[in-house]
Amino acid sequence: MSTRVRFAPSPTGFLHIGGARTALFNWLYARHTGGKFILRIEDTDAARNSQEAVNVILDGLRWLGLDWDEGPLTGDATGQCKGDFGPYFQSQRGALYKRRVEELKDKGLAYEDAGAVKFRMTRDPILIPDVVVGNVTRELTDREQVDPDFVIVRSDGQPVFHFVNVVDDLEMKITHVIRGEDHLSNTAKHIALFRAFGVEPPCYAHIPLILNIDGTKMSKRDRGASMTTYMDEGYLPAAVVNYLCLLGWSPKGNREKMPIEEVISLFDLPQILRHNARFDMDKLQWLNGEYLREVGDEQFRAEGERAFRRAGLPLEKFTPAYIRSALDTCKGKLKWFGELPAYAGFYFTDMVNIDPAALTKDFTPEAKTRIGKLRDAFAGTEEFTAARLEQTLKAVAAQLGIKAGPLVHPTRLACTGSSAGPSLYHLLEILGKERVIQRLDRAMELSGYSG
Ligand code: GLU
């Protein structure tokens, strides 16, 4: 029997990193087994639904490259993936749910109660076999022992989550339900419903939650919780996918950076880790940096420009060649594009921000005399190229009988405002003589010594 799995998000206007991981694990399992990955939007709660909320999910899945394999044909562009089909929407399947309610009523397993429809829940404890969590027996709570029956259609005619979720899993012939552990507590109800329809429940795999690095529960507002962050801040989808693979699943040998094809071939449900995963932003960024090193020049430049613009830097005042050269000095130096404005924003500002403490340290009266010599040597350099500037600086150092360092550090500070950044001689070449001289003069002025 071929595997059929599904991702069944409710459109909340937010794609949580945990939801993205659930989608990914389902997708990986489908690809590993050669089965089907189905996307089903659980949008029966009309009050909260909107096309925008659905788009957040679709955009997130597309960005991650998690393509779904079937769905109703759509003429519009709401959910096109590989073919001309969208995801399934529960809101479009009302007739089906009605029929299934009637079926249970006919069997005597559902009944009207104060305008609602209730399911006659089994009184026996239910064993939940779970590939990840193990076997869990769900005993009835005290309240449930008195009355375990539960509502499946509200008095306003809306079928409830448990019911539509099971009917769809059954109709869609889902073989494996892979979802967050928060749903484990619902599973006894779901199993009872499957049995009421005379169908054996699917195989369950409940994935442990994702916690913050400090072990606290991850909330919507925590940094990194929303997929939008990664999409907007220029992370690489391949890196985010790779990181999500490691959040609760682990290949042998502590491997970390892995091509997705390899993950697909190794991924299996029993290896999903039993303990809660901890979200580690530093590790995600490190992994992103590993992928960033492999990105082609064109993509690097395009994403880099985007990051500068997002930070509000006035790129329009600079030539494309200047922007391009500036970005080329950043390649291989970043973990993620969010670092770019702090790393190389100095290329696009009129006045660099210099930390006064660093200035006082680097621009002592003695240092200023030396920097003044370097400044004059730079001003007299015809060919303002990295190679020539390096020679010039070294020649000045030799004349002064000092090493290059005491000239390099203040020059970098004056021109970039920072003590770390792209290769000094290259960045000086790109800034050009005029800016470099201006910045050296300004730093000397600012340093406040009458040197
Ligand atoms: N709509 C449910 C949710 O978003 C899906 C539960 C399931 O995967 O069965 O949590």
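Conventions adopted
Residues numbered from 1 in each chain as written. Predicted model: local features only at pLDDT ≥ 70, side-chain atom pairs only at ≥ 80, totals over all residues. Heavy atoms only, no water. Near = heavy atom within 4 Å. Polar contact = N/O pair within 3.5 Å; in protein donor to acceptor, adjacent residues only side chain to side chain. Areas by Shrake-Rupley, 256 points an atom, 1.4 Å probe, with all protein chains shown as cover. Nonpolar A, V, L, I, M, F, W, Y, C, P; charged D, E, K, R; others polar. Pairing = 2+ DSSP bridges. Helix = DSSP H or I, 4+ residues; strand = E, 2+ residues; numbered from the N terminus. Axes fitted to C-alpha atoms, helices over the stretch in contact; angles between N-to-C directions. Phe/Tyr/Trp six-rings, centres within 6.5 Å; stacked < 30°, edge-to-face > 60°. Buried < 20%, exposed > 50% of the residue type's maximum accessible area, 1.4 Å probe, protein only. Lys NZ or Arg CZ within 6 Å of the ring centre and 35° of its normal. Salt bridge = Lys/Arg side-chain N within 4 Å of Asp/Glu carboxyl O. Contact = heavy atoms within 4.5 Å.

**Observations concerning the site of the ligand**
Part 1 of the reasoning: Taken together, the neighbourhood of the ligand is formed by Arg6, Ala8, Pro9, Ser10, Glu42, Phe161, Asn165, Arg179 and His183.
Part 2 of the reasoning: Measuring from a nitrogen atom of the ligand, one finds a side-chain N or O atom of Ser10 at 3.0 Å.
Part 3 of the reasoning: Here Asn165 contributes a side-chain N or O atom positioned 3.0 Å from an oxygen atom of the ligand.
Part 4 of the reasoning: In isolation the ligand exposes 300 Å². Once the protein is present, 80% of that is buried.
Part 5 of the reasoning: Tallied by class, residues from the shell around the ligand come to 3 nonpolar, 3 polar and 3 charged.

**Notes on the sheet that holds strand β5 (residues 116-119)**
Part 1 of the reasoning: With respect to topology, 3 strands assemble into an open sheet ordered β4-β5-β8, the strand pairing being antiparallel. Unpaired on one side and paired on the other, β4 (110-113) and β8 (150-153) mark the two borders of the sheet. In this sheet, adjacent strand axes meet at a mean angle of 45 degrees when their direction is disregarded.

**Comments concerning the packing of aromatic side chains**
Part 1 of the reasoning: For the structure on display, the rule yields 16 aromatic pairs.
Part 2 of the reasoning: Taken together, a centroid distance of 5.3 Å and an interplanar angle of 50 degrees make the contact between Phe300 and Phe337 tilted. On the criterion of sequence distance, the pair formed by Phe300 in helix α11 (residues 297-310) and Phe337 in the loop between α12 (320-328) and α13 (340-344) is long-range, its members being 37 residues apart. The two residues Phe300 and Phe337 agree in class, both being buried.
Part 3 of the reasoning: Ring-pair connections join several aromatic residues into one group, and the members of that group are Phe308, Phe318, Tyr322, Phe346, Tyr347 and Phe348.
Part 4 of the reasoning: Just above the ring of Phe25 sits the side chain of Arg21; from NZ or CZ to the centre is 5.6 Å.

**A closer look at the pattern of salt bridges**
Part 1 of the reasoning: Applying the stated rule across the entire model yields 37 salt bridges.
Part 2 of the reasoning: Across the salt bridge formed by Arg6 and Asp169, the nearest N and O atoms sit 2.8 Å from each other. Here the residue Arg6 occupies a position in strand β1 (residues 4-7), and Asp169 occupies one in helix α5 (residues 161-171), the gap between them amounting to 163 residues. Neither residue differs from the other here; Arg6 and Asp169 are each classed as buried.
Part 3 of the reasoning: Across the salt bridge formed by Asp156 and Arg154, the nearest N and O atoms sit 3.8 Å from each other.
Part 4 of the reasoning: A relative accessible area of 41% places Arg154 in the partly exposed class.

**Structural notes on the side chain of Asn26**
Part 1 of the reasoning: Inspection of the secondary structure assignment puts Asn26 in helix α1 (residues 17-33).
Part 2 of the reasoning: Since its relative accessible area comes to 0%, Asn26 is described here as buried.
Part 3 of the reasoning: Excluding its chain neighbours within four sequence positions, the residues that come into contact with Asn26 are Val5, Arg6, Phe37, His176 and Ile178.

All quantities given are derived from atomic positions and should not be read as evidence of function.
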